[in-house]
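So you can see what is in the structure, the chains are spelled out below.
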Amino acid sequence: MTLKSLTILAATGLFLAACATPVEPEPVAAPEWHLAIHGGAGVILRETMTPEEEAAYTAGLNEALAAGAAVLREGGSAVDAVQAAVIPMENNPLFNAGYGAVFAANGTHELDASIMDGRDRDAGAVAGVMRVKNPILAARAVMDNSEHVMFAGPGADQFADAQGLEMVVNTYFDTDRRRQALDRLLESREGKPLAALRTDEERFGTVGAVAIDSAGNLAAATTTGGMTAKAAGRVGDAPLIGAATYAENGVCAVSATGHGEYFIRVGVAKTICDRVKFEDESVGVAAAVALGEVADLGGDGGVIVIDGAGNVDFVFNSPGMYRGEISASGSSTAIFREPAAGDE
Ligand code: ASP
């Protein structure tokens, strides 16, 4: 028998053996949908919040979770879900993201928002918009209907208007609570840097969402009014892809809240996703490292993160963060930093 025929025989034998014992493909579990949201981070302490305030924030978080979950439960996309979750918080005056946004030093509101689709890393953002009622819809329109990633200022509002989005006068965003915060801050300023004077009431309430859908796609979205008494034209981290918002399928999705100048300088959202992707870290570890860098520079805040398998983590270096999550297995919300298991 020649070497060639031996080889053919051996190959045939292998083929027959393979046919005789077919290898069943491993069943691939369909990913479970999962959504996480935040409504800002800061010195949020149980002792300074009334039960009524706590209940109102919890209701606002639950409304956002329900809106996002309705999309995911029906098999909708992660990017539609994060958008759906953000809109009720933009419309809720408790949060700093639309109606009820903080005032800039000149007494106007300038809003920032961004959204990212992990499927193709498509992204859209608006900065300093003053007339579009729901900034996240403007960011989405930039992503879907323009060849750009970011629009700023009057051009961004014009784009939103041309897209048929609901437009409002800037005073629509006014609330007494935020007006008082501006007045207090400007009165106490006396040339001092604003960062040292701002209480959390005057800064926090940025909103965001991250999600995985039942096809395993990731997405993230963030909206903010920025920081009370910010200079006109100041742009924070919220509309910057890679600073407050990032999503890449199979890796992670992030939405951040905190002192934007530090989050921009660290590139928080992209740092987290890069550590997950290239260093094989968990989203929780990667987020802690990135927030450690924020803290080293003097900043504070938090992130919500989700990985490609749908694991969610909430990481913040402030005393509290308005937050919540929902999946097919249930939902929960939290505000304060609860003591870790084993703490006194
Ligand atoms: N990151 C926001 C900003 O700097 C503020 C916040 O999240 O509290 O505009």
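This text follows the structure it describes.
Residues numbered from 1 in each chain as written. Predicted model: local features only at pLDDT ≥ 70, side-chain atom pairs only at ≥ 80, totals over all residues. Heavy atoms only, no water.

> Before we move on, can you summarise the site of the ligand with the specific residues and values?
Taken together, eleven residues lie around the ligand, and T206, R234, D237, T257 and G258 are the ones closest in. Here an oxygen atom of the ligand sits 2.7 Å away from a polar atom, N or O, in the side chain of T206. In this structure, an oxygen atom belonging to the ligand sits 2.8 Å away from a side-chain N or O atom of R234. Bound to the protein, the ligand loses 100% of the 260 Å² it would expose on its own. Its residues assigned to classes, the shell around the ligand shows two nonpolar, six polar and three charged. (Near = heavy atom within 4 Å. Polar contact = N/O pair within 3.5 Å; in protein donor to acceptor, adjacent residues only side chain to side chain. Areas by Shrake-Rupley, 256 points an atom, 1.4 Å probe, with all protein chains shown as cover. Nonpolar A, V, L, I, M, F, W, Y, C, P; charged D, E, K, R; others polar.)

> Break down helix α6 (residues 176–187) for me, with residues and values.
Its twelve residues give α6 an end-to-end C-alpha distance of 16 Å, which sits within 8% of 16 Å, the value for a rise of 1.5 Å per residue. Among the residues of α6, R178, A181, L182 and L185 are the ones counted as buried. Buried residues of α6, viewed axially, fall in a sector of 100 degrees; they line one side. Exposed and oriented more than 90 degrees from the buried face of α6 are D176, Q180 and E187. (Helix = DSSP H or I, 4+ residues; strand = E, 2+ residues; numbered from the N terminus. Expected span 1.5 Å × (residues − 1). Buried < 20%, exposed > 50% of the residue type's maximum accessible area, 1.4 Å probe, protein only. Arc of directions from axis to C-beta.)

> Help me get a handle on the pattern of salt bridges, residues and values and all.
This model, assessed by the stated rule, comprises eleven salt bridges. With a closest N to O distance of 2.8 Å, R119 and D117 form a salt bridge. Residue class for R119 comes out partly exposed when judged on its relative accessible area of 45%. Via salt bridges that share partners, D80, R140 and D144 belong to a single interconnected network. (Salt bridge = Lys/Arg side-chain N within 4 Å of Asp/Glu carboxyl O.)

> Residue-level account of the environment of G242, with values.
As for its position among the elements, G242 is in the loop between β6 (218–224) and β7 (245–248). The buried category is assigned to G242, whose relative accessible area is 9%. A sequence separation of 21 residues divides G242 from F263, and the C-alpha atoms of the two residues are 9.3 Å apart. Not counting residues within four places of it along the chain, the set of residues in contact with G242 comprises G267, V268, A269 and K270. (Contact = heavy atoms within 4.5 Å.)

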